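Here's the letter readout for the chains.
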Amino acid sequence: MVKNSHFSDWSCWCGSTTATHAYRVPITGTSQIDQQALNVYCCDTCGVFFLNPQPSPPMLADAYNQEYYGTDKKKFIGPIASLVGQFQQGRAKLVSQYLAPPQSILDIGCGNGGFLQQMLQRGYSVTGTELSPDSADRVDTELRPHVYIGDLLNIDWQDRRYDAISLWHVFEHLSQPFRTLEKIYDLLKPGGYAFFSMPNHESTQAQNFGPHWFHLDPPRHLFGFGPNSFTKLLKQTNFTVKKTSTWSFEQNPYGQIQSQLNINNPQRDRAYRSIKGDPSLARHTRFADYAKVALLTPYALIKSAIESYHNRGATFTLVAQKNHPENHSE
Ligand SMILES: [Zn+2]
């Protein structure tokens, strides 16, 4: 299945024009994307993963239907939603190590605004972006005036500049990640910090599960990075990496569980849909999924902890600092 391919219309941000076919990902789900498969390639030079061809706009629109965001303000059912609140606090604590109130933070793809709410309570000046008015509907009324709607690249920022910019599990969704990173650089004040978290394509999970890996999230994840490939990109864009971690209690153990379940179930990521309370699934199916997840949890916790200890965890969080424009080493 592995082969080198030249793409007549493709060249990587790093200049390479050759990539290796990594795997074919069957996708199931809503009508438009049934019976299709996506091909994942990896750039031979920098190691970035990408879908080729990229999913069509109708396919993406279908994948980001109401169900993806959840019908309520929260994306998950009760107990999981309160856990997600805890994780937002963890992100706020991380950012607080690098800047002090009332410094400013811009959160790209702010979702329901849970993280910004935490930052606001801590006294920071907050701004968010969300792609569509529908998804921005879930933002608390108090935060709405702080949220721009649209693509980061198309918003009229005028001379606004920020002390920090965060993208929590957003970068892999972007159709123009390389241009976006340059825009993030422009929007940061000198010495400003950028915070990223995303799936780790250099992880043990990615390697072990291949096309079944939960964090591929087809067709929504358009590009894939690992600490090594992303660091190359950041250096090229004139950032210095300050910290990298591959531990996430929020993402890694569940990635292990769902990937294991995907191997034997053609309904990809079904247990995840059960946890989100997907009403289209039968009640007994949902309960069976909860039971399977519960059974697999202890092993997944231990395995994920060991992988992260060896810097091979399934997702990574990275803090980067904007260098002065004159200090570009390239
Ligand atoms: Zn490349």
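The rules behind these values
- Residues numbered from 1 in each chain as written.
- Predicted model: local features only at pLDDT ≥ 70, side-chain atom pairs only at ≥ 80, totals over all residues.
- Helix = DSSP H or I, 4+ residues; strand = E, 2+ residues; numbered from the N terminus.
- Buried ≥ 20, exposed ≤ 12 C-beta atoms within 10 Å, placed from the backbone.
- Contact = placed C-beta atoms within 7 Å.
- Core = buried A, V, L, I, M, F, W, Y, C linked by C-beta atoms within 7 Å.
- Axes fitted to C-alpha atoms, helices over the stretch in contact; angles between N-to-C directions.
- Parallel < 35°, antiparallel > 145°, perpendicular 65-115°, else oblique.
- Left-handed = near helix turned anticlockwise from the far one by under 90°.
- Pairing = 2+ DSSP bridges.

Would you mind going over the overall build of the chain with me for this structure?
Across its full length, the chain carries eleven helices and twelve strands. Across the 330 residues of the chain, 39% fall into the buried class. If you take every contact in the chain between residues at least 6 apart in sequence, the share linking residues at least 24 apart comes to 69%.

Just to check I follow, could you spell out the nonpolar core for this structure?
Where a protein is soluble and globular, its nonpolar side chains tend to be buried together. Core analysis: the biggest nonpolar cluster contains 54 residues, and Ile105, Met119, Ala164, Ile165, Ala194, Phe195 and Phe196 have the highest contact counts within it. Ranked by the residues each element gives to this core, the list is headed by strand E9 (residues 188-199), at six residues. For Met119, the residues in contact, after removing those within four places along its chain, are Ala92, Val95, Ile105, Tyr124 and Val126.

Sorry if this is basic, but what is going on with the packing of helix H9 (residues 252-263) against helix H11 (residues 283-309) here?
When two helices pack together, their arrangement is captured by the angle between the axes and the distance separating the axes. Two numbers describe how H9 lies on H11: the axes approach to 7 Å, and their chain directions differ by 125°. Between H9 and H11, the angle falls in the class oblique. Pair H9 / H11 crosses with right-handed handedness. Contacts between H9 and H11 involve Asn252, Pro253, Gln256, Ile257, Gln260 and Leu261 from the first element and Lys292, Val293, Leu296, Thr297, Ala300, Leu301, Lys303, Ser304 and Ser308 from the second.

Before we go on, may I ask you to explain the sheet that holds E9 in this structure?
Hydrogen bonds along the backbone pair up the strands of a sheet, which may run parallel or antiparallel. Pairing within the open sheet is mixed, and its seven strands lie in the order E7-E6-E5-E8-E9-E12-E11. The sheet terminates laterally at strand E7 (147-149) and strand E11 (239-245), the two strands that pair on one side only. Neighbour-to-neighbour, the strand axes of this sheet turn through a mean angle of 20°, independent of strand direction. Two strands pair when backbone bridges link them, and E11 and strand E12 (residues 315-322) are joined in this way by six bridges, in the antiparallel orientation. Across the sheet, the residue bridging to Thr240 is Gln321, located in E12. The strands touched by helix H4 (residues 114-121) are strand E5 (104-108), strand E6 (125-130) and strand E8 (162-168); relative to E6, the strand with the most contacts, the crossing angle is about 170°.

Sorry if this is basic, but what is going on with the environment of Ile184 here?
Position of Ile184 among the secondary structure elements: in helix H6 (residues 177-187). Each C-alpha atom, one on Ile184 and one on Thr237, is 9.7 Å from the other, the two residues being 53 residues apart in sequence. For Ile184, the residues in contact, after removing those within four places along its chain, are Ile165 and Ala194.

By themselves, these are just geometric observations and shouldn't be taken as functional.
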